[in-house]
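# Inside the fold
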Amino acid sequence: MEIHLIAVGERMPDWVSRGYEEYARRMPPECRLKLIEIPAAKRTKAADLKRIMQQEGERMLAAIPANADVVALDVGGQNWTTPDLAQQLENWLQEGRNLALLVGGPEGLAPACRKRAARHWSLSALTFPHPLVRIILAEQLYRATTILKGHPYHK
């Protein structure tokens, strides 16, 4: 199974890239984590943010692999504990389908992305910077795999 983290934004600061790569590298072969960066449109004071979000959403939808289970990262989504995530991950692994996690830009996800998602997941009631979400997701996915394998990392 491959987990495709489809996120708006490119050219992250080094600390973001290093943090994400550290946890992505730790993922087991049966659960590879792949980052797909969607270029963010230029935002100016006069920018049509609704149109920008729609265009970014279209590029995100085009990046979803065929037959992937789609999960939208959304503040209004379901809160999962880390053990809940481990259970979800085990279910996805048993289904044998790829997974696509959608992380929107500064304005969030386009309505079409929300509609395409089978599940909506909220990392927290807090608002995180989008670059930090990449690291949190990678770490939590790694942590979930350690729970499934009985590894002591989670303790």
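For the structure itself, look to the data block above.
Not measured: the values here are computed from a predicted model.

Their axes nearest at 8 Å, the elements helix H1 (residues 14-26) and helix H5 (residues 130-149) cross at an angle of 15°. With respect to their mutual orientation, H1 and H5 come out roughly parallel. Note that H1 runs across H5; the crossing there is left-handed. For the pair H1 and H5, contact is made by Trp15, Val16, Gly19, Tyr20, Tyr23, Ala24 and Arg26 and by Pro131, Leu132, Arg134, Ile135, Ala138, Glu139 and Tyr142, respectively. Split into classes, the residues belonging to the contact of H1 with H5 amount to 10 nonpolar, one polar and three charged.

Further remarks concern the pattern of salt bridges. What the rule picks out here adds up to eight salt bridges. Across the pair Arg25 and Glu22 runs a salt bridge, and its minimum N-O distance is 2.6 Å. Separated by three residues within a single helix, Arg25 and Glu22 lie in helix H1, roughly one turn from each other. Put simply, Arg26 and Glu22 hold a salt bridge, and the shortest N to O gap is 2.9 Å. A residue pair is termed a helical-turn pair when its members lie 3 or 4 positions apart in one helix, as Arg26 and Glu22 do in helix H1 at four residues.

The next subject is the sheet that holds strand E1 (residues 2-8). If you walk across this open sheet you meet the five strands as E2-E1-E4-E3-E5, and the pairing is parallel. Edge positions in the sheet fall to strand E2 (32-38) and strand E5 (119-122), since each has one partner strand and no second. The average angle at which neighbouring strand axes cross in this sheet is 30°, direction not considered. Strand direction decides the pairing type here: strand E3 (residues 69-79) and strand E4 (residues 99-103), joined by four bridges, are parallel. The partner of Asp69 across the bridge, within E4, is Leu99.

Taken as a whole and judged by the stated rule, the model has three aromatic pairs. Ring plane angle 40° and centroid distance 6.2 Å describe the contact between Tyr23 and Tyr142, whose orientation is recorded as tilted. Of this pair, Tyr23 sits in helix H1 while Tyr142 sits in helix H5, and the two are 119 residues apart along the sequence. Residue Tyr23 is classed as buried on the basis of its relative accessible area, which comes to 18%. Taking the centre distance of 4.8 Å and the plane angle of 25° together, the rings of Trp80 and Trp121 count as stacked. Separated by 41 residues along the polypeptide, Trp80 in the loop between E3 and helix H3 (82-95) and Trp121 in strand E5 bring together distant segments of the chain. There is no split in this pair, since Trp80 and Trp121 are both buried. Counting every residue linked through ring pairs, the aromatic cluster contains Trp80, Trp92 and Trp121.

About the cut-offs
- Residues numbered from 1 in each chain as written.
- Predicted model: local features only at pLDDT ≥ 70, side-chain atom pairs only at ≥ 80, totals over all residues.
- Heavy atoms only, no water.
- Axes fitted to C-alpha atoms, helices over the stretch in contact; angles between N-to-C directions.
- Helix = DSSP H or I, 4+ residues; strand = E, 2+ residues; numbered from the N terminus.
- Parallel < 35°, antiparallel > 145°, perpendicular 65-115°, else oblique.
- Left-handed = near helix turned anticlockwise from the far one by under 90°.
- Contact = heavy atoms within 4.5 Å.
- Nonpolar A, V, L, I, M, F, W, Y, C, P; charged D, E, K, R; others polar.
- Salt bridge = Lys/Arg side-chain N within 4 Å of Asp/Glu carboxyl O.
- Pairing = 2+ DSSP bridges.
- Phe/Tyr/Trp six-rings, centres within 6.5 Å; stacked < 30°, edge-to-face > 60°.
- Buried < 20%, exposed > 50% of the residue type's maximum accessible area, 1.4 Å probe, protein only.

None of the figures reported here should be taken as evidence of function without further support.
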